[in-house]
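# Secondary and tertiary structure notes
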Amino acid sequence: MEFQDFEFFKNQCLVGGQWLSNGQSVNVLNPASGEVLTQVPLFAEQETQQTITAAANALPGWRAQAANERAKYLKAWHQLLIKHSEQLAYLMSLEQGKPLAEALGEIKYAASYIEWFAEEARRVYGQTIPGHGRDKRIVVSHEPVGVCAAITPWNFPAAMITRKVAPALAAGCTIIVKPALETPLTALALAALAQQAGIPDGVFNVITGNAEPIGETLTASTVVRKLSFTGSTPVGAKLMAACAPTVKKISLELGGNAPFIVFEDADINLAVEELIKSKFRNAGQTCICANRIYVQQGIYQHFSKLLAARVAELNVGVGTEPSTDIGPLISESAVQKVEQQLADGVEKGGQVIIGGKRHALGGTWFEPTVLINACEDMLCAKQETFGPMAPLFSFENEEQVIAEANNTEFGLAAYLFSNNVNVITRVSEALEYGMVGINTGVISTAVAPFGGIKASGSGREGSHFGIDEYTELKYLCYHISDQ
């Protein structure tokens with residue numbers, strides 16, 4: 001397939017319904033080959049201000065639309081994503097590197113958010129509250145927050161956009177999306193399909209460029225009333241501080257350090273298969289993937305052997321090849337981080353039982369790796385790896401593993417495997433995380449609230465809670481006279 005021939009392929013920014021460039025551009029690279037796919041514009045402060053104005057101008061007309069009318073636009077957008085899902089997956093695999101099967105799964109997952117929030121648009125209910133006096137009536141309504149901004153990462157270039165844009169549009173907001181420069185083509189394709197779906201000009205805008213000038217302009221603007229960000233905790237903290245002077249509403253989905261706990265009574269084969277899905281999906285480059293694998297002592301050796309055998313079956317290769325299970329990492333710095341953590345682990349007593357080095361393919365490919373005898377003072381216990389390395393820690397009892405699992409600043413996702421309902425109840429309630437997978441390594445879905453606590457962020461995406469992030473409560477107090 002020639003991706004330049006796709007009807008939704010764009011390499012310009014969408015501002016107020018117009019596809020624009022500014023004479024400055026940056027290359028978009030294929031991480032598997034290093035080849036230049038195309039160039040996209042480098043927008044800065046002036047162009048960002050122009051986009052804010054376009055979104056503000058579109059806001060009155062869009063928020064005035066009936067909820068069912070906004071839903072119709074979203075449903076049309078959803079249908080276009082499904083129609084072009086294979087081509088979108090191919091484009092994503094080219095610029096991000098993930099295997100085609102994973103890319104296709106992400107497109108369908110991204111589309112599910114559009115469908116979900118199309119349906120939720122008609123369910124933004126208010127309340128009536130018994131008045132505090134005979135002559136008082138109280139009504140509470142949800143109103144769209146206004147112009148929104150979203151800054152999204154490269155690891156899920158479609159889903160991280162639709163789960164922000166869809167609820168914003170459903171609620172009656174307009175939005176500006178700034179995608180990662182590593183993966184802008186998927187974002188621009190989504191915008192092109194939204195335009196095909198008839199979504200009015202200025203309602204959904206996408207701009208590309210360096211994060212600093214765009215982010216500073218968005219956060220400083222008094223017109224932008226909401227910012228949603230998915231990315232690292234340090235950047236999220238900076239954006240949070242930058243939004244403080246204008247007291248914006250914010251949603252932050254930040255870093256993770258997910259524990260994956262396997263008790264002796266668990267179904268070991270199931271735990272291994274679910275760990276493969278959780279740890280090695282997207283080459284380990286997910287915020288909720290298993291980062292620390294805790295296995296109870298009685299099954300530690302057996303589990304390690306089963307996992308190593310299963311990892312040996314994973315096929316590393318170019319994402320656009322159908323047989324590939326694991327594609328390349330996104331950049332050289334990503335590979336270096338895995339190497340650093342691995343070297344630190346071996347120095348502190350860890351043992352590599354499979355993998356452990358750059359793949360023979362070269363570039364940014366890394367062998368899927370299992371490290372045993374991991375301990376709490378290793379870097380991999382403290383930092384998010386974001387790569388295909390699985391460190392295995394052993395534990396004796398519930399109390400110990402809960403303490404170690406919670407011994408992190410992060411609180412996004414956790415996983416536990418057991419067939420004992422008492423263990424499941426006690427441990428899941430004790431884990432300090434926003435999401436807990438029980439006997440499953442796959443927890444992401446449009447129908448559930450996605451998000452974390454502590455340094456992993458604030459706010460939720462997905463489910464009926466997700467649309468609330470794009471509304472403000474308004475309380476109306478009526479005086480009712482006797483005559």
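Residues numbered from 1 in each chain as written. Predicted model: local features only at pLDDT ≥ 70, side-chain atom pairs only at ≥ 80, totals over all residues. Heavy atoms only, no water.

Moving on, we come to helix α8 (residues 233-243). Every buried residue of α8 is accounted for by T233, G236, L239 and C243. For α8, the arc enclosing every buried residue in end-on projection is 120 degrees, short of the 170-degree limit, so these residues lie on one face. Turned more than 90 degrees off the buried face of α8, the exposed positions are P234 and K238. Against the buried residues of α8 lie β7 (147-151), α7 (211-220), β10 (224-230), β11 (249-253) and β17 (410-411). The N-terminus of α8 is capped by S232, whose side-chain oxygen sits 3.4 Å from the backbone nitrogen of V235. (Buried < 20%, exposed > 50% of the residue type's maximum accessible area, 1.4 Å probe, protein only. Helix = DSSP H or I, 4+ residues; strand = E, 2+ residues; numbered from the N terminus. Arc of directions from axis to C-beta. Contact = heavy atoms within 4.5 Å. Polar contact = N/O pair within 3.5 Å; in protein donor to acceptor, adjacent residues only side chain to side chain.)

The next subject is the environment of H142. Structurally, H142 is set in strand β6 (residues 136-144). For H142, a relative accessible area of 27% gives the class partly exposed. Residues H142 and V124, spaced 18 residues apart in sequence, show a C-alpha to C-alpha distance of 6.7 Å. Sequence-distant contacts of H142, that is, excluding residues within four places in its chain, are made with V124, Y125, G126, D468, T471, E472 and L473. Polar side-chain contacts of H142 include one of 3.5 Å to the backbone oxygen of Y125. A polar contact is formed between the side chain of H142 and the side chain of T471, at a distance of 3.2 Å.

With mixed pairing, 7 strands are arranged side by side in an open sheet as β14-β15-β16-β13-β12-β18-β19. Lying at the two open borders of the sheet, with one neighbouring strand each, are β14 (351-354) and β19 (435-438). On average, each strand axis in the sheet is tilted by 25 degrees relative to the strand beside it, whichever way the strands run. Across 4 bridges, the pairing between strand β13 (residues 290-296) and strand β16 (residues 389-395) is parallel. The partner of Y294 across the bridge, within β16, is F393. (Pairing = 2+ DSSP bridges. Axes fitted to C-alpha atoms, helices over the stretch in contact; angles between N-to-C directions.)

Here the focus is the sheet that holds strand β22 (residues 471-479). Strand order in this open sheet of 3 strands is β5-β6-β22, and the pairing throughout is antiparallel. Unpaired on one side and paired on the other, β5 (127-129) and β22 mark the two borders of the sheet. Averaged over all adjacent pairs, the angle separating strand axes in this sheet is 25 degrees, with direction ignored. Relative to β22, β6 is paired through 9 bridges, and the arrangement is antiparallel. From the neighbouring strand, P144 faces β22, where its bridge partner is T471.

Moving on to a nonpolar patch on the surface. A contiguous nonpolar patch, built from L476, Y478 and I480 and spanning about 240 Å² of accessible area, is present on the exposed surface. Mapped onto the fold, L476 is located in strand β22. (Patch = residues over 30% accessible without salt bridge, like charges linked within 9 Å, V, L, I, M, F, W, Y side chains within 5 Å. Areas by Shrake-Rupley, 256 points an atom, 1.4 Å probe, with all protein chains shown as cover. Salt bridge = Lys/Arg side-chain N within 4 Å of Asp/Glu carboxyl O.)

Quick look at unusual backbone geometry now. Backbone geometry places A283, a non-glycine residue, at a positive phi of 55 degrees. With respect to the element layout, A283 can be found in the loop between α9 (268-280) and β13. Judged by relative accessible area, which is 2%, A283 ranks as buried. Although it is not a glycine, N439 adopts a positive phi angle of roughly 60 degrees. The residue N439 is located in the loop between β19 and β20 (453-454) in this model. Judged by its relative accessible area of 23%, N439 falls in the partly exposed class.

We now examine the side chain of H84. Relative to the assigned elements, H84 resides in the loop between α2 (67-83) and α3 (85-96). Those residues in contact with H84 that sit more than four places away from it in its chain are E7, F8 and L193.

Another point: the packing of α2 against helix α4 (residues 100-120). Relative orientation of the contacting elements α2 and α4 amounts to 165 degrees, with a least axis distance of 8 Å. When the axis of α2 is compared with that of α4, the two are roughly antiparallel. Crossing hand, α2 versus α4: left-handed. Between α2 and α4, the contacting residues are A71, L74, K75, W77, H78, L81 and I82 on the first element and I107, A111, I114, E115, F117 and A118 on the second. (Parallel < 35°, antiparallel > 145°, perpendicular 65-115°, else oblique. Left-handed = near helix turned anticlockwise from the far one by under 90°.)

Let's shift gears to the pattern of salt bridges. Per the counting criterion, the structure on display carries 19 salt bridges. Between E253 and R163 there is a salt bridge; the shortest N-O distance is 3.1 Å. Placement of E253 in strand β11 and of R163 in helix α5 (residues 159-171) is noted, with a sequence separation of 90 residues between them. For R163, a relative accessible area of 2% translates into the label buried.

Within the fold, T320 resides in the loop between α10 (300-312) and α11 (332-347). Spatially, the C-alpha atom of T320 lies 30 Å from that of L20, the residues being 300 residues apart in sequence. In this structure, T320 is in contact with Y90, S93, L94 and L100, ignoring residues within four places of it in sequence.

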